[in-house]
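Below are the chains, spelled out letter by letter.
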Amino acid sequence: MEVIKIAVEEEYERQRLDKFLSLKMSDYSRSQIQDMIKKGNISLNDKILKSSYKVVNGDNIEVIIDDPISTDILPEDIPLNIVYEDSDVIVVNKPSGMIVHPSSGIYSQTLVNALLYHCHDLSGINGVQRPGIVHRIDKETSGLLMVAKNDKAHQSLSEQLANHTVTRRYVALVHGVIPHDYGRIEAPIGRDVKDRQKMCCTDKNSKEAITNFKVLERFENMTLVECRLETGRTHQIRVHMAYIGYPVYGDPKYGKRKDDITYGQYLHAKILGFIHPSTNEEMLFDSELPDYFKEKINELRSDINE
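A. Summary view of unusual backbone geometry. Phi is positive for Gln109, close to 65°, though the residue is something other than glycine. Along the polypeptide, Gln109 turns up in the loop between strand S6 (89–94) and helix H3 (111–118). One non-glycine residue, His235, lies in positive phi territory at about 60°. Tracing the sequence through the fold places His235 in the loop between strand S14 (222–229) and helix H5 (236–243).

B. Representation of the sheet that holds strand S10 (residues 189–191) in the model. Strands sit in the order S11-S10-S12 across an open sheet of three strands; the sheet is antiparallel. With partners counted over all chains shown, the strands left at the sheet margins are strand S11 (199–201) and strand S12 (206–207), one partner each. By the bridge criterion, three bridges tie S10 to S11 in an arrangement that is antiparallel. Within S11, the residue paired with Arg191 across the bridge is Met199. Of the strands in this sheet, S10 and S11 touch H5, which is tilted by about 45° from S11.

C. Region of interest: the environment of Lys47. By the element assignment, Lys47 lies in strand S3 (residues 47–48). As a C-alpha pair, Lys47 and Asn205 span 158 residues in sequence and 27 Å in three-dimensional space.

D. Structural detail: the environment of His175. Inspection of the secondary structure puts His175 in strand S8 (residues 167–175). His175 sits in the buried class, given a relative accessible area of 6%. Sequence separation between His175 and Lys258 is 83 residues; the distance between their C-alpha atoms is 12 Å. Excluding its chain neighbours within four sequence positions, the residues that come into contact with His175 are Asn221, Met222, Gly245, Tyr246, Pro247, Tyr249, Lys256 and Asp259. A polar side-chain atom of His175 sits 2.8 Å from a polar atom in the side chain of Asp259.

E. A look at the environment of Pro252. Mapped onto the fold, Pro252 is located in the loop between H5 and strand S15 (267–275). For Pro252 and Gly264, which are twelve residues apart along the polypeptide, the C-alpha to C-alpha distance reads 7.0 Å. Every residue in contact with Pro252, bar those within four places of it in the chain, is listed here: Arg238 and Gln265.

F. A look at the sheet that holds strand S4 (residues 60–65). Here four strands make up an open sheet; going across it, the order is S1-S4-S2-S3 and the pairing antiparallel. Edge strands, defined here as strands with exactly one partner in the open sheet, are strand S1 (2–7) and S3. Of the strands in this sheet, S1, strand S2 (42–44) and S4 are in contact with helix H1 (residues 17–24), which crosses S1 at around 105°.

G. Representation of the pairing of strand S13 (residues 210–218) within the structure. Here five bridges tie strand S9 (residues 182–186) to S13, and the two strands are oriented antiparallel to one another. Note that in S13 the partner of Tyr182 across the bridge is Lys214. Pairing analysis gives seven bridges linking S13 to S14, with the strands arranged antiparallel. The partner of Phe213 across the bridge, within S14, is Cys227. A loop of three residues connects S13 with S14, the two strands running antiparallel in sequence.

H. Quick look at the side chain of Lys94. Residue placement: Lys94 occurs in strand S6. Buried within the structure, Lys94 lacks any salt-bridge partner; its nearest side chain of opposite charge belongs to Glu140, at an N-O separation of 7.0 Å. Within polar-contact distance, the side chain of Lys94 engages the backbone oxygen of Asp138 at 3.3 Å. Those residues in contact with Lys94 that lie beyond four places of it in its chain are Val100, Ile137, Asp138, Lys139, Thr141, Ser142, Gly143 and Leu145.

I. Focus on the nonpolar core. Within the largest apolar cluster, 34 residues are counted, with the highest numbers of intra-cluster contacts made by Leu115, Tyr170, Val174, Ile178, Val225 and Met241. Elements that contribute at least two residues to this core include exactly S6, H3, strand S7 (142–148), S8, S13, S14, H5 and S15. In terms of residue count, the dominant contributor to this core is H3 (five residues). Ignoring anything within four residues of it in the chain, the contact list for Tyr170 reads Ile137, Thr141, Val225, Glu226, Cys227, Leu229, Ile237, Leu267, His268, Ala269 and Lys270. Within the second largest apolar cluster, 18 residues are counted, among which are Val8, Leu21, Val63 and Ile65.

J. Examining helix H4 (residues 151–162) more closely. Along its twelve residues, H4 runs 16 Å from first to last C-alpha, staying within 8% of the 16 Å computed at 1.5 Å per residue. Ala153, His154, Ser156, Leu157, Gln160 and Leu161 are the residues of H4 that are buried. Buried residues of H4 fall within an arc of 165° about the axis and therefore sit on the same side. Opposite its buried face, H4 presents the exposed residues Lys152, Glu159 and Ala162, each directed more than 90 degrees away. Buried positions along H4 lie against S6, S7, S8 and S15. The opening residue of H4 is Asn150, an N-cap whose side-chain oxygen sits 3.3 Å from the backbone nitrogen of Lys152. Downstream of H4 by one or two residues, His164 has phi in the positive range, about 60°.

Cut-offs applied
- Residues numbered from 1 in each chain as written.
- Predicted model: local features only at pLDDT ≥ 70, side-chain atom pairs only at ≥ 80, totals over all residues.
- Heavy atoms only, no water.
- Helix = DSSP H or I, 4+ residues; strand = E, 2+ residues; numbered from the N terminus.
- Pairing = 2+ DSSP bridges.
- Contact = heavy atoms within 4.5 Å.
- Axes fitted to C-alpha atoms, helices over the stretch in contact; angles between N-to-C directions.
- Buried < 20%, exposed > 50% of the residue type's maximum accessible area, 1.4 Å probe, protein only.
- Polar contact = N/O pair within 3.5 Å; in protein donor to acceptor, adjacent residues only side chain to side chain.
- Lys, Arg positive; Asp, Glu negative; His and termini not counted.
- Salt bridge = Lys/Arg side-chain N within 4 Å of Asp/Glu carboxyl O.
- Core = buried A, V, L, I, M, F, W, Y, C linked by side-chain atoms within 4.5 Å.
- Expected span 1.5 Å × (residues − 1).
- Arc of directions from axis to C-beta.

The quantities given are spatial measurements derived from coordinates; they are silent on function.
What follows is the structure, encoded as structure tokens:
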């Protein structure tokens, strides 16, 4: 059980309790918070509160987070495209459509299930549902990610991520023709208060987010770009490119409704680089674009030449 205490600030005065907590607890949806309230897990001075309670400046609200119900994550014989492996790390080229780790209601067909079948010596730092997972990429994003096989490697790789020394370069196909060759997007990202399943560029309850991009190729109505991350916020490239008016093609959340989303968004984690946790060697990996991605590029090139 975890107890969280949240102080109400003046700017939130008279907001409904469930709305206020959904802003402050971005890892939980408003419906999840309402369930906590119904269970009596949210109180003020030992008094159980209701969702409709209007918060007051200076309130110190106590939230009890129940321990998650233990769910066995089972190994599954799912093919993996392993780019590199040793006793410390595994680098995997994840296909579009595969979820990285189990979450609420999803306990199978994830990358973790496949990893548990492949090896039995993953880091336990992130618990039973995310063994070895140092970072993640979205379900519909393909490409490279690193997995730690022991706690020492996990700590090293996590520190490199925190210090922004990991090289992460993505290739994305975006709507619109970007006129300039290079760009840098500095816009903080936080949870979208209108849709808790989405992120957005906002100065409220947000974190610094920086994406650098360069144009690789221009087509009639689209642009192929390489994006280099300085930070690793949820949906960062997708949110940033949509924010500047060039949403990722096929993105079901931030793209255009007419897009073909058969393969998800055309976003691929192409290059991954880090310092090896044991040898201190510079490791750099490059992966090919998926076939459907290359076929789309060839199609766009043909349209220009017709």
